[in-house]
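Chains, contacts and geometry: an overview
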Amino acid sequence: MVSRQRGLLNTFTTSGLASPLEAVTDLTLREIGRAAESVLGRSVEVSEGTDIMRDLEVDSLALMNIVMELEDSFDLSIPLDRLADVQTAGQLAGLIKDLKKRN
Amino acid sequence: MGLFDKHLAYAQAYEAIRNAGADPFNVKFEQVLSPTEGIIDGRRTILLGSHNYLGLTFDKAVVEAAAGALTESGAGTTGSRIANGNFDGHRRLEAELARFYGRKHAMVFTTGYQANLGMLSTLVGRGDHLILDADSHASIYDASRLGMAEVIRFRHNDPEDLYKRLNRLKDVPGERLIVVEGIYSMLGDVAPLKEMVAVKREMGAYLLVDEAHSMGVLGEKGRGLAELVGVEEDVDFVVGTFSKSLAGIGGFCVSNLDGFEVLRVTCRPYMFTASLPPATVASTTAALHRMETDPGLRQRVMANAQRLYDGLNGMGFVTGPTCNPIVAIALPDQPVAIGVWNALMQAGVYMNLALPPATPDARPLLRASVSAAHSDEQIDAVLGMFKQVGETFGLIESDVKRAATA
């Protein structure tokens, strides 16, 4: 799954479209990492395939607090019902991108 | 692989807690002697862990009403109100609640949990927005999953954050329903309701207040936080429960909004469950009457809360921000919390132990629920136990040490 997502981005690279796209995703991922670090009080490694709850050892409460941090930094609300489908950092970044478009 | 494998981490954590002493999540009362005393493990124990705010569980009028209804109307209704009929008591209780709150409509549910589940999942639907305080009760979160509305959380008790979230929805269609609680059950803190009402007015939304822990406790008539701060007009829906101040079980919602009655045929947690048994309906109606006619009950529970709250703070314990019948004591970590809970149980007082993630800020909490029925002597006895246990665990300084460092 993870490699397939990377592959998708790579296709864009060759077509010359990817750099801005990749930069946006990377920026969002970096922001997710920063929010996690601020809530958890320890350094974390976040990539697209990171399973937020399992890999970052985050419980439901901490996850909610991470989401609140992200809502502030991106100035948008992330509805709880949309979060239900999110497992990886890549999916969360995708959701944030989607919600930004709506605003 | 088995069905229970996914719960393995919980099972192991629970096992570790049980191995540390008694099981805080499965306390057995061999006998309940009064609203404030029971026998646990053969010991006479002060009960400080039930939400018996007005101490009405053994009230003569309340118990007699239940006994009378039991004899007269039988043990249960054996069905739901839409399919199997209303008993006279259901309608009467609803009329009494509507009158008590000064509102046109009242609907009774079989539990308080179902009242939230029903109201929140039915009032807003697809395309609407349900806006919750982050520290909402589990029944509110569960309701948000049953309904189809978009669910947005705002920071606990933070009107500015609420404003920010409503502002982001400015041009988005759909109704907005804000949900807050009168008294929050973990820390005993209250919502800044006046400020929230101002935000609601400015941004346009409906407001529902869950007064489960504040009914019978706050406000001159005991109608809760909205009455206390004088904003009842701006609260569109009040949800409450019969299982705390009213000493029974069940839940309700009252409102002045026209069209409310349609909920009786659209609200699934109201429709598809058996209605409250006659004894409970009668005891609840009697307890409501007792609560209304004896304001001394409310004064006593608040005075008792103040006695406990001041005593604990005076010793140096870390408590919640507001003095209310829920008195929460923050503890540094889980092993200490479990140790303290067990030591207090051994000393002769039963309280609640609340562990993360059920608590805000990932802090373990000891939680006391004070009753109007507690005597000054009982509160002082509990404070004595806290002093001893607090010193043993190094949570507070002993008088000797304090004098030496002063």
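Calculation criteria
- Sequence positions are assigned chain by chain, starting from 1 and proceeding in written order.
- As they are written, the chains are lettered A onward and the ligands numbered 1 onward, keeping that order.
- Since the coordinates come from a predicted model, pLDDT governs what is reported: local features require at least 70, and pairs of side-chain atoms require 80 or more to be given and counted, while whole-chain, interface and lining totals use all residues.
- Hydrogens and water are ignored here; the side-chain numbers use all heavy atoms of the structure.
- Geometry of aromatic contacts follows a simple scheme: Phe, Tyr and Trp rings, the Trp one being its six-membered ring, pair when their centres are within 6.5 Å, and the pair is stacked under 30 degrees between planes, edge-to-face over 60, tilted otherwise.
- Note on conventions: DSSP H or I runs of at least 4 residues are helices, E runs of at least 2 residues are strands, and numbering of each starts at the N terminus.
- Remark: exposure states derive from per-residue accessible area (1.4 Å probe, protein chains only) relative to the maximum for the residue type, with buried under 20%, exposed over 50%, and partly exposed in between.
- Here, nonpolar core refers to any group of buried Ala, Val, Leu, Ile, Met, Phe, Trp, Tyr and Cys residues whose side-chain atoms link them within 4.5 Å.
- Contacts: residue pairs with any heavy atoms within 4.5 Å of one another.
- Paired strands, as defined in this entry, are two strands with at least two bridges between them according to DSSP.
- Between the N-to-C directions of two axes lies an angle of 0 to 180 degrees, each axis being a line fitted to C-alpha atoms and, for a helix, fitted only over the stretch in contact.
- A right-handed crossover is one whose linking path, passing over the helix from the first strand to the second, runs clockwise when the strands point away from the viewer.
- Delimitation of the domains relies on an automatic or database domain assignment.
- The quantity reported as buried area is the accessible area (1.4 Å probe) lost by two parts once they are put together, taken as the sum for both.
- Any angle that falls under 35 degrees is termed roughly parallel, while one over 145 is termed roughly antiparallel, one within 65 to 115 roughly perpendicular, and all others oblique.
- It is the rotation of the near helix from the far one that decides the hand of a crossing: anticlockwise by less than a right angle makes it left-handed, clockwise makes it right-handed.
- For this classification, Asp, Glu, Lys and Arg are treated as charged, while Ala, Val, Leu, Ile, Met, Phe, Trp, Tyr, Cys and Pro are nonpolar and the rest, including Gly, are polar.

Residues and elements named next belong to chain B. Using the criterion set out here, one finds 8 aromatic pairs over all chains in the structure. Seen from their ring centres, Phe109 and Tyr270 are 5.8 Å apart, and the 80 degrees between their planes marks the pair as edge-to-face. Linking Phe109 in strand E4 (residues 105-109) with Tyr270 in helix H10 (residues 268-271), this pair joins segments that are 161 residues apart in sequence. The same class applies to Phe109 and to Tyr270, which are both buried. In this structure an aromatic cluster arises from ring pairing among Phe100, Tyr101, Phe242 and Phe252.

Among the nonpolar cores identified, the biggest contains 54 residues, and Leu70(A), Ile78(A), Leu83(A) and Met119(B) are the most heavily contacted of them. With 8 residues, helix H4 (residues 60-74) of chain A is the single largest residue contributor to this core. Filtering out sequence-adjacent residues up to four positions away, Met119(B) remains in contact with Phe109(B), Leu208(B), Phe237(B), Val239(B), Cys253(B), Phe260(B), Leu263(B) and Cys267(B). The next biggest cluster of nonpolar side chains, apart from the first, holds 52 residues, and it includes Tyr53(B), Leu97(B), Val199(B) and Val231(B).

We now examine the sheet that holds strand E3 (residues 43-47) of chain B. Note on sheets: strands pair through backbone hydrogen bonds, and any given pair is parallel or antiparallel. Residue and element names in this part refer to chain B. Strand order in the open sheet formed by 4 strands is E1-E2-E3-E12, with mixed pairing between adjacent strands. Across the chains shown, the open sheet's two edge strands, defined by having one partner strand only, are strand E1 (31-34) and strand E12 (349-350). As paired strands, strand E2 (residues 37-40) and E3 are joined by 4 bridges and run antiparallel to one another. Its bridge partner being in E3, Ile40 is matched across the sheet by Arg43. Along the sheet, helix H14 (residues 376-392) makes contact with E2, E3 and E12, crossing E3 at roughly 105 degrees.

This part is about the pairing of strand E6 (residues 150-154) of chain B. Residues and elements named next belong to chain B. Burial analysis of E6 places 5 of its 5 residues in the buried class, the great majority of the element. Every second residue of E6 is oriented toward a common face, with Glu150, Ile152 and Phe154 on one face and Val151 and Arg153 on the other, all of them buried. In terms of strand pairing, strand E5 (residues 129-133) meets E6 through 5 bridges, oriented parallel. Residue pairing for E6: Leu130 is matched across the bridge by Val151. For the handedness criterion, the β-α-β arrangement of E5, helix H6 (residues 138-146) and E6 is classed as right-handed.

Moving on to the side chain of Asp234(B). Residues and elements named next belong to chain B. Tracing the sequence through the fold places Asp234 in the loop between helix H9 (225-229) and strand E9 (237-241). Since its relative accessible area comes to 12%, Asp234 is described here as buried. Once residues lying within four places of it in the same chain are set aside, the contact partners of Asp234 are Val197, Lys200, Arg201 and Leu207.

Residues and elements named next belong to chain B. Spatial strand order, E4-E10-E9-E8-E7-E5-E6: 7 strands in an open sheet with mixed pairing. Looking at strand neighbours, the two that pair on one side only are E4 and E6, the edges of this open sheet. Each adjacent strand pair in this sheet contributes to an overall mean axis angle of 20 degrees, direction not counted. Each of E4, E5, strand E7 (176-181), strand E8 (206-210), E9 and strand E10 (251-255) touches helix H5 (residues 112-123); the most contacted strand, E9, lies at about 155 degrees to it. Against the sheet, H6 touches E5, E6, E7 and E8, its axis set at about 160 degrees to E5.

Residues and elements named next belong to chain B. Domains assigned within chain B are domain 1 (12-47 + 295-405) and domain 2 (58-293). The C-alpha-based centres of domain 1 and domain 2 are spaced at 29 Å. On the side of domain 2, 21 residues touch domain 1, which itself brings 22 residues to the contact. Summed over both sides, the interface between domain 1 and domain 2 buries roughly 1600 Å², with carbon and sulfur atoms accounting for 66% of that surface.

Once that is clear, we can look at the packing of helix H12 (residues 296-315) of chain B against H14(B). Residue and element names in this part refer to chain B. Relative to each other, H12 and H14 sit at 20 degrees, their axes nearing to 10 Å. By the angle between their directions, the pair H12 and H14 is classed as roughly parallel. Note on packing geometry: the crossing formed by H12 with H14 is right-handed. On H14, the residues that touch Asn304, Arg307, Leu308, Gly311, Leu312 and Met315 of H12 are Asp376, Ile379, Asp380, Val382, Leu383, Phe386 and Lys387. The residue inventory of the contact of H12 with H14, partitioned by class, reads 7 nonpolar, 2 polar and 4 charged.

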